[in-house]
Amino acid sequence: MEVAKLRESRTRATVYFMGFSRLQNKYSDSIFCCFEGDDSKYYFKRIEDNTGYSAENIVPFNCDGKSEVLRMYRLIKSKSEYSDVKFLYFIDRDFDPTIKGILHGIYETPVYSIENFYTTIDAFIRILKIEFNYIEMDSEFKILLDLFVERQKEFHDQTKLFNAWIACQRRKSNIESTSRLNLSSFNLAKIVSVINLDTIQSNYDKQVLENLFPEAPEITDEEIAEKISEFDQLNFQQIFRGKYEIYFLYSFLEAIKIEINTPKSRLNKKPGVQLNQSKKNLISEFSQYATTTICLVDYLSSFKIA
């Protein structure tokens, strides 16, 4: 077997495709959903609500990456016998659109990733109302909403360089086919040292990033300046890396908890508030608060049970 074909046979998408081939007759009345990773924690209930399919008739596949979702798409599309099967595909936009409208039937987030849906103003308002029991007439509501907007802007200002540097790395890896920068285990606290209700503090520059990622290709100051100029025309909350956006949200919520439990706090804790969200499960626990876009509703509605 040729090396390329051997490599193809071992991909996650190929494994799932083989599984799907065995399942599709048994689940002929189901829809099959292909995700990059654990994104079903955000999408699953929205799929139920907008397609009319029950949980037992939704078959999810975690394909472990965007490239595998796209590979699965190509495998399914190459088989005419599956043309009537309802198969949904979900990918993150990241720093640049992937499908650009040319692959019909794939949903690509209009923001960096699903995590960005959790850090909108609307999502934060839902959290204030449901998790903290604050309403508009409470002084705490306005205090925290104003502080969230201020600190999020400050957070964006102080992570702009890092996002620009990452975006340049991604572009270089795509153009030159070099190894992609591995950020899976990187702790943002290494460069953003303080996130609380009153301040954001960072302690890095380009040299620090190069020291933290010694294997990364060199990015010039001109490349970074060009990318920052591009960023400045856009909405940072939507385009910055989602993992760091939700890191900010979690840190800010933790800061609220600390403030509430501080003597002479500016915040009054409402009865019944537990304040027990976890960093690990935030995507699952706060899915109901995350923004649902019109384009997602439209995509899902196109698969609605007739």
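Residues numbered from 1 in each chain as written. Predicted model: local features only at pLDDT ≥ 70, side-chain atom pairs only at ≥ 80, totals over all residues. Heavy atoms only, no water.

Visitor: Teacher, can you tell me more about the layout of surface pockets here?
Guide: Think of a ball as big as a water molecule: rolled over the atoms, this probe shows where empty space is left. In this structure, the largest pocket occupies an estimated 1,500 Å³ of space. Taken together, 44 residues line the largest pocket, and the ones lying closest to its centre are Asp92, Glu115, Ser184, Arg241 and Lys243. Listed by contribution, the elements that provide at least two residues to the lining of the largest pocket are α4 (66-77), α6 (139-176), α10 (242-260) and α11 (282-285). At 5 residues, the largest contribution of residues to the lining of the largest pocket is made by α10. Residues that form the lining of the largest pocket fall into these classes: 15 nonpolar, 10 polar and 19 charged. Put simply, the second largest pocket is a space of about 300 Å³. Counting only elements with at least two residues in the lining of the second largest pocket, the list comes to α4 and β3 (87-91). (1 Å grid on protein atoms, 1.4 Å probe; cavity = no way out; pocket = protein on both sides within 12 Å on 5 of 7 lines; lining within 4 Å. Points joined across faces, edges and corners; volume = space filled by probe spheres on them. Helix = DSSP H or I, 4+ residues; strand = E, 2+ residues; numbered from the N terminus. Nonpolar A, V, L, I, M, F, W, Y, C, P; charged D, E, K, R; others polar.)

Visitor: Before we go on, may I ask you to explain helix α12 (residues 294-301) in this structure?
Guide: Residues separated by three or four positions in an α-helix point in the same direction, a consequence of the helix having 3.6 residues per turn. Those residues of α12 not exposed but buried are Leu296, Tyr299 and Leu300. Along the long axis of α12, the arc covered by the buried residues comes to 95°, so they all point the same way. Looking at the packing, one finds that the buried side of α12 touches α3 (40-51), β3 and β4 (106-108). (Buried < 20%, exposed > 50% of the residue type's maximum accessible area, 1.4 Å probe, protein only. Arc of directions from axis to C-beta. Contact = heavy atoms within 4.5 Å.)

Visitor: Would you explain the sheet that holds strand β1 (residues 31-35) in this entry?
Guide: Strand pairing within a sheet occurs via backbone hydrogen bonds; the two strands may be parallel or antiparallel. In space, the 4 strands of this open sheet follow the order β2-β1-β3-β4, with parallel pairing throughout. Edge positions in the sheet fall to β2 (58-62) and β4, since each of these pairs with one other strand and no more. Put simply, the sheet's adjacent strands are angled 20° from each other on average, direction ignored. Across the sheet, α3 is in contact with β1, β2, β3 and β4; its angle to β1 comes to roughly 155°. The sheet contacts of α4 involve β1, β2, β3 and β4, and relative to β3 the element is tilted by about 155°. (Pairing = 2+ DSSP bridges. Axes fitted to C-alpha atoms, helices over the stretch in contact; angles between N-to-C directions.)

Visitor: I would appreciate a short explanation of the pairing of β3 in the present structure.
Guide: Each regular strand displays side chains that alternate between the two surfaces of the sheet. Most of β3 is tucked away: 5 of the 5 residues are buried. Residues Phe87, Tyr89 and Ile91 of β3 are buried on one face, and the alternating residues Leu88 and Phe90, pointing to the opposite face, are buried as well. Looking at chain direction, β1 and β3 are connected through 3 bridges and run parallel. Within the sheet, the bridge partner assigned to cysteine 34 lies in β3 and is tyrosine 89. Direction of pairing for β3 relative to β4: parallel, over a ladder of 3 bridges. Counted as the bridge partner of phenylalanine 90 is tyrosine 107 from β4.

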